[in-house]
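# Report on the structure
The chain contents come next:
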Amino acid sequence: MRLTLLPFALLPFSAPACTSFKVTADGRTFIGCNEDAWSINAQVRFEQGHYGQYGAIHFGHFNGSPLRTMTDQMGMNEAGLVYDGLGIPIHHTAARPGLSTLHLDDLIRLVLRTCADVHEAATVFRRYDRSAIPHAMLYLADRNGDYLIVENDTLIEGHDPWYAVGNWRMSTCADPAAIPIPRLQAGRALLSEGTDASLEHATRVLESMKACRSRMGEGTLFSALFDPALGKAHLFFYHDFGERVTFDLKEELAKGDHAVEMASLFSERPEYAALLSYRTPFHQPWLFWTLVAVLCIVLLAGVGCGFWFLRDSIRLIRKHPGSALVTALLSGLLCVALAVLLSVLLLNESPYYFGLADVHPALGWLPLIIVAMTAGLFMAVRGSGVPRWLNGTLVVLIVPMVGLLAYWQMLWP
């Protein structure tokens, strides 16, 4: 899922699955990248070079969550050096003393501004500690057909006629043909048939590695095919390869620094329109903050239930009447379940498309458990002298949440 490079630590790895490749033949190289995301405001950005540095084109996106910022995902500089960022399984490494530190986004910009090929880029990456990116790798390729894989503890350089990667830590891969990513293998199969470095063949490979899921047609947000020798980038939007927009990097940089909304460059996409109309806290900040407010209320209610349970436990020990210990316990457990659910919904995007079980199989049953606990609690509070705030809290919190879960198709596993 390559997700954006900034918030990988907050998100599950399983959601998106991006792919990249390079193919070189007869002195010409194409580099293709598919960006999978549920964002609704992808952009193309041009940044001029200054003081002898290279200018570049960048493709990025930001989906609206306050936890994220607009982040470049792939791009190419004037020298024909291309980069793409991909999410990979997390692998933590110790910091390397004596090396400089730089945020990954800033490090990418430094490389694009100062490096003409992957060998110069590798020299820059060796000067910096990369232990803070256990969840991501960079795939770089240049106009000469050389490529570089950058992980937090490994650099891999190569010059194969073709090479393809997905969301997989390549330093642990003995046989790329065994990587369990069907889309990646489909592209590798086409590449293995012959190293035809033409725009048509490279486009077919890129299209074979796209994603379009059955639920609402979401998947690959955009795809870019870079021709570094000519300084051109061909852009495809929302896994539709029947229409492309081509950028001449030299011409665009002559216009100065500028950015353009990606969707505005293409004709209407019904599947993209469906994504735009789909309400999630990762698309609408107001919904995010509403759920945050609900979580705060749930936590306060949980504290209240804790005191209530403690009070009635003391009453029971002293054999005083008016104890509602079972109701207090059930109320507290319901608050815990709601807090877990809301935390998952606020920090993970994949459940809105794959269900809660995508985060953990047990979570798929959590909404039904909450509904069952709520029904049991309503039965328990009848005539039991339970505080009035409980009934009001149940109505205000549970009913809207059940409606949202039904809308997101999360009420059942």
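Look up a bit, the structure's there.
Quick caveat, the model's predicted, so the values are computed rather than measured. (Residues numbered from 1 in each chain as written. Predicted model: local features only at pLDDT ≥ 70, side-chain atom pairs only at ≥ 80, totals over all residues. Heavy atoms only, no water.)

## Focus: the overall build of the chain
- For the chain, the count of helices and strands is eleven helices and 14 strands.
- Along the three orthogonal principal directions, the C-alpha set of the chain runs to about 90 × 50 × 45 Å.
- Looking at the chain as a whole, 53% of its 413 residues qualify as buried.
- Within the chain, the 37 negative side-chain charges are centred at a point lying 12 Å from the centre of the 31 positive side-chain charges. (Helix = DSSP H or I, 4+ residues; strand = E, 2+ residues; numbered from the N terminus. Buried < 20%, exposed > 50% of the residue type's maximum accessible area, 1.4 Å probe, protein only. Lys, Arg positive; Asp, Glu negative; His and termini not counted. Charge placed at Lys NZ, Arg CZ, Asp CG, Glu CD.)

## Let's talk about the packing of aromatic side chains
- Tallying each qualifying case throughout the model produces 19 aromatic pairs.
- Relative to Tyr 238, the ring of Phe 237 lies with its centre 6.0 Å away and its plane at 45°, an arrangement referred to as tilted. One exposure class covers both Phe 237 and Tyr 238, and it is buried.
- Ring geometry for Tyr 278 versus Tyr 407: centroids 5.6 Å apart, planes at 35°, classification tilted. One end of the pair, Tyr 278, is in the loop between α6 (270–277) and α7 (285–317); the other, Tyr 407, is in helix α11 (residues 388–407), with 129 residues separating them in the sequence.
- Counting every residue linked through ring pairs, the aromatic cluster contains Trp 38, Tyr 278, Tyr 353, Phe 354 and Tyr 407. (Phe/Tyr/Trp six-rings, centres within 6.5 Å; stacked < 30°, edge-to-face > 60°.)

## Details of the sheet that holds strand β4 (residues 56–61)
- Strand order in the open sheet made by the eight strands is β9-β8-β7-β6-β5-β4-β3-β14, with antiparallel pairing throughout. Every other strand in the sheet has two partners, leaving β9 (155–158) and β14 (258–261) as the edge strands with one partner each. Neighbour-to-neighbour, the strand axes of the sheet open up by a mean angle of 20°, direction not taken into account.
- The sheet contact formed by strand β6 (residues 82–87) and strand β7 (residues 136–141) spans six bridges and is antiparallel. When the bridges of β7 are listed, Leu 86 appears paired with Met 137.
- The sheet contacts of helix α1 (residues 104–114) involve β3 (43–47), β4, β5 (71–77), β6 and β7, and relative to β5 the element is tilted by about 10°. (Pairing = 2+ DSSP bridges. Axes fitted to C-alpha atoms, helices over the stretch in contact; angles between N-to-C directions. Contact = heavy atoms within 4.5 Å.)

## A few points about the side chain of Asn 34
- Inspection of the secondary structure puts Asn 34 in strand β2 (residues 28–36).
- Polar contacts involving the side chain of Asn 34 include one to the side chain of Ser 223, which spans 2.4 Å. (Polar contact = N/O pair within 3.5 Å; in protein donor to acceptor, adjacent residues only side chain to side chain.)

## Thoughts on the pairing of strand β1 (residues 19–25)
- With seven of seven residues buried, β1 is to be regarded as a mostly interior element.
- Here β1 shows no split at all, with Thr 19, Phe 21, Val 23 and Ala 25 on one side and Ser 20, Lys 22 and Thr 24 on the other all buried.
- Of the pairings in the sheet, the one linking β1 to β2 comprises seven bridges and is antiparallel in character. When the sheet's bridge partners are listed, Ser 20 is paired in β2 with Cys 33.
- Hairpin connection, β1 to β2: the antiparallel pair is bridged by two residues, and Asp 26 has positive phi, about 55°.

## Here's the deal with the pattern of salt bridges
- Scanning the entire structure with this criterion turns up 15 salt bridges.
- The salt bridge partner of Arg 126 is Glu 157, with a shortest N-O separation of 3.1 Å. Linking Arg 126 in the loop between α2 (118–125) and β7 with Glu 157 in strand β9, this pair joins segments that are 31 residues apart in sequence. (Salt bridge = Lys/Arg side-chain N within 4 Å of Asp/Glu carboxyl O.)

## Some points on unusual backbone geometry
- The residue Asp 26 is not glycine, and still its phi comes out positive at about 55°.
- Positive phi, close to 45°, is recorded for His 239, a residue that is not glycine.
- With respect to the helices and strands, His 239 occurs in the loop between β12 (232–237) and β13 (240–248).

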